[in-house]
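Residue-level structure breakdown
Here is how the chains run, residue by residue.
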Amino acid sequence: MSERLERALPRLARALGFVPALVAALALFALMLMTFADVVLRSALDAPLPFATEMTRILMAVAIFSAMPAISASGRHIAVDLADPLFGAWATRVRELLVNLACGLALLWPAERALVLAARSRSYGDVTEWLRLPQYLPEGFIALACFVTAVALIARGFLALFAPRALAAAEPAGGLE
């Protein structure tokens, strides 16, 4: 069973990470095009895009929060490993469980708050200033991304403890051994 998990986990990780990476890339590309158009129009015609600030906020949220679950699941966060030599193999696995579990559980609070804010925005009919987009959509997306990231972190913690070879096979740089 463990051998099957070691083979299946990398494929599953790549498949699940493709769509969020594509969404983040498209959001960044749209942000780049909009910023370029805004600068050109502002400089050449003295006619900036009035909705540029609004779209920048939304596209940045989409780019960041769509990438967050995949980055968390694959363990590609920025990490300072000064204390790593102090831990043996078993202690490293326990530490990874505790850190990922704590981060996943802590992320449930902002996810719940974002969901409450999205529901409130929807009930009030809040829309953005220029484009009149419903504000609950990006807020709901942020809540969903936080919930998915929390689940990914908790699952990663348990995999680090109980199936470190499967986790190592799914990571780009090798992972825990």
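Residues numbered from 1 in each chain as written. Predicted model: local features only at pLDDT ≥ 70, side-chain atom pairs only at ≥ 80, totals over all residues. Heavy atoms only, no water.

Let us look at the nonpolar core. Ala 27, Leu 31, Met 34, Leu 49, Ala 52, Met 55, Leu 59 and Ala 63 form the largest nonpolar core, which has eight residues in total. Where this core is concerned, the elements lending two or more residues are α1 (2-45) and α2 (52-74). Of all the elements, α2 adds the most residues to this core, at four residues. In this structure Met 55 touches Met 34, Leu 131 and Leu 133, once residues within four positions along its chain are discounted. (Core = buried A, V, L, I, M, F, W, Y, C linked by side-chain atoms within 4.5 Å. Buried < 20%, exposed > 50% of the residue type's maximum accessible area, 1.4 Å probe, protein only. Helix = DSSP H or I, 4+ residues; strand = E, 2+ residues; numbered from the N terminus. Contact = heavy atoms within 4.5 Å.)

Below, the discussion takes up the packing of α2 against helix α4 (residues 136-162). Between α2 and α4, the shortest axis-to-axis distance is 8 Å and the interhelical angle comes to 10°. Between α2 and α4, the crossing angle belongs to the class labelled roughly parallel. Contacts between α2 and α4 involve Ile 58, Ala 61, Val 62, Phe 65, Ser 66, Met 68, Pro 69, Ser 72, Ala 73 and Ser 74 from the former and Pro 138, Phe 141, Ile 142, Ala 145, Cys 146, Val 148, Thr 149, Ala 152, Leu 153 and Arg 156 from the latter. (Axes fitted to C-alpha atoms, helices over the stretch in contact; angles between N-to-C directions. Parallel < 35°, antiparallel > 145°, perpendicular 65-115°, else oblique.)

It is worth spelling out the packing of aromatic side chains at this point. Inspection of the entire model under this criterion finds one aromatic pair. Summarising the aromatic geometry, the rings of Phe 158 and Phe 162 are spaced 6.3 Å apart at their centres and angled 5° between planes, so their arrangement reads as stacked. Taken together, the positions of Phe 158 and Phe 162, both in helix α4 and four residues apart, correspond to about one turn of that helix. Since its relative accessible area comes to 63%, Phe 162 is described here as exposed. Over the face of the ring belonging to Tyr 136 we find Arg 122, whose NZ or CZ atom lies 5.1 Å from the ring centre. (Phe/Tyr/Trp six-rings, centres within 6.5 Å; stacked < 30°, edge-to-face > 60°. Lys NZ or Arg CZ within 6 Å of the ring centre and 35° of its normal.)

Taking 1.5 Å of rise per residue, 23 residues should cover 33 Å, and α2 covers 33 Å from first to last C-alpha, within 8% of that figure. Helix geometry: α2 is bent most strongly at Met 68, by close to 35°, with proline Pro 69 lying one to four residues after it. Within the span of α2, buried status applies to Ala 52, Glu 54, Met 55, Ile 58, Leu 59, Ala 61, Ala 63, Ser 66, Pro 69, Ala 70, Ser 72 and Ser 74. Two residues or fewer after α2 comes Gly 75, characterised by a positive phi angle close to 70°. (Expected span 1.5 Å × (residues − 1). Bend = angle between axes of the 7 residues up to and from the residue.)

Here we take up the packing of helix α3 (residues 89-124) against α4. Two measures define how a pair of helices packs: the angle their axes make with one another and the distance between the axes. Two numbers describe how α3 lies on α4: the axes approach to 7 Å, and their chain directions differ by 165°. What the angle tells us is that α3 and α4 run roughly antiparallel. Handedness of the α3/α4 crossing: left-handed. For the contact of α3 with α4, the class distribution of residues is 25 nonpolar, six polar and six charged. (Left-handed = near helix turned anticlockwise from the far one by under 90°. Nonpolar A, V, L, I, M, F, W, Y, C, P; charged D, E, K, R; others polar.)

Below, the discussion takes up unusual backbone geometry. Of note in the backbone geometry, Asp 46 takes a positive phi value of approximately 50° without being a glycine. Positionally, Asp 46 belongs in the loop between α1 and α2. A residue is classified by how much of its surface remains accessible, and Asp 46, at 65% relative accessible area, is exposed. Backbone geometry at Arg 132 places phi at a positive 60°, although glycine is not the residue there. Mapped onto the fold, Arg 132 is located in the loop between α3 and α4.

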